[in-house]
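# Observations on chain architecture
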Amino acid sequence: MPERLLLALLALSLSLPLAQGQQPTVTPTLPPQIVWQVFVNRNLDGAGTARLIFLNSLTGAQISQEVRGERFTPFGAGVLYFDPLTRRVMWLEPERQPVPHAFVSLPDDALRVDWIVDEVQTRIAWTVTRPNAEGLVTTTEIARRDGTERGVVLRDGPRQGIRALPIAFSADYGQLFMDAQPDGLAPFVAYEQFAGLFRVFLDDGRVEALPNEPSCYCGAGFRGDLYLRLALTTDQRGFDLRFYDLQRGTEGRVLANRLLNYTQAGEILISPDGRFAVYALTRVENFGTARQEVETVFMLADLVNSSQRPLSNPITTYVHPIAWTDDNSAILLTSPQQDGTWKLQLADGHLRRVASATLIGWLRP
């Protein structure tokens, strides 16, 4: 099937869910209409060139642009990304040429810049990490997407081998959730892991560890004020899933499902109503070598009944959950190893590829 038709079918069948009125602390209100979906084909030439595909879900119009970059992030009317060759944070809108972003940048004396945007793409938080003789120093800023209300909210360090990393905003934007991230470990784990999660109160700059932190170097997920954390069992042979409503101060736990030899877990994706969560559980042998073998099972956790079960049969690759479909009946997934977008049905665990390009999200002007 031609790529254009695959993308058009995906556009017609999938959209991010609107807010659920009965769970105001979980899901912010989304815009009434989302027009542009964004896909990417990565590393076309072996030198980091990518093709961004903007698909208009109303008209079917498609715009493609080739850029050199990584960490593509939909943000309002365009896409934010990093060009590792020029060390610039770039900005690209459909039918326009890429330009350096107006206020997020990597200074010459800095090691790295990291960012997150809120679910409805109205705000951004970013960190700039610099080295000094005593370790790493991280400066965290926030702003609205037009650059207003910009300000420094945290100066962290110096700390040896540790940098602050932004993770998510709270539902009312009064808090920024962050991690004390071991620098340099990310390339050696299958999924994003967190070591010491904390929150910054944006009204007064107060810093507070999240419940039971610091914890193991394990996965976590946020949606509004709902916070989920994977934690090793006492015998270190599985993962419990702890969940917290940070606004109400309540917590619960889903006991581990005993799948033996599955030692890596992460990429938690919480449903819009806050009832369910999906995460990846993986067994890896000979990681990072030519003989690497991967087996992944997706787990479905019911946070109301404190239970979980395998959602899929084992698959032999890494794929990451990125969004729920509008009726909460399926999960969209992408892979860091190959281009494509997959759909996993909750009812029967059936996984099928729905596009050969990788979905990175929706523009929300």
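So, here is what we can say about the structure in this document. Each chain has its residues counted from 1, following the order in which its sequence is written. Only residues with pLDDT of at least 70 are given local features in this predicted model, and only at 80 or more are side-chain atom pairs given and counted; all residues enter the totals for whole chains, interfaces and linings. Hydrogens and waters are ignored; side-chain quantities use all the structure's heavy atoms.

### Some points on unusual backbone geometry
Each neighbour pair has its own omega, and for Gly 157 with Pro 158 the value is 5 degrees, a cis peptide bond. Mapped onto the secondary structure, Pro 158 falls in strand E11 (residues 151-159). The peptide bond linking Glu 213 to Pro 214 adopts the cis configuration, its omega dihedral lying at 0 degrees. In this text, helices come from DSSP runs of H or I with a minimum length of four residues, and strands from runs of E with a minimum of two, each type numbered from the N-terminal end. Tracing the backbone shows Pro 214 in the loop between strand E15 (207-209) and strand E16 (220-223). In this structure, Glu 149 is a non-glycine residue whose phi angle is positive, near 55 degrees. Positionally, Glu 149 belongs in the loop between strand E10 (135-144) and E11. Assessed through its relative accessible area of 58%, Glu 149 is described here as exposed. You will see that Glu 267, though not glycine, has its phi angle at about 60 degrees, which is positive. Locating Glu 267 in the fold gives a position in strand E20 (residues 264-270). Burial classification: accessible surface area is computed with a 1.4 Å probe over protein chains only, and a residue below 20% of its type maximum counts as buried, one above 50% as exposed, and the rest as partly exposed.

### Details of the pairing of strand E28 (residues 358-362)
For E28, a buried count of four out of five residues is recorded, marking the element as mostly surrounded by other parts of the structure. Where strand E1 (residues 36-41) and E28 come together, four bridges link them in antiparallel fashion. Bridge pairing links Phe 39 to Leu 359 in E28. Following DSSP output, two strands are said to pair if at least two bridges run between them.

### Quick notes on the side chain of Asp 240
Here Asp 240 shows up in strand E18 (residues 239-245). Here a polar contact is recorded for every N or O atom pair within 3.5 Å, except that within protein the pair must consist of a potential hydrogen donor and a potential acceptor, and residues adjacent in sequence are included only if both atoms are side-chain atoms. A polar contact is formed between the side chain of Asp 240 and the side chain of Arg 253, at a distance of 3.5 Å. Throughout, a residue-residue contact means that at least one pair of heavy atoms, one from each residue, lies within 4.5 Å. When residues no more than four places from it in sequence are discounted, the contact partners of Asp 240 are Arg 229, Leu 230, Ala 231, Thr 233, Arg 253, Val 254, Leu 255 and Ala 256.

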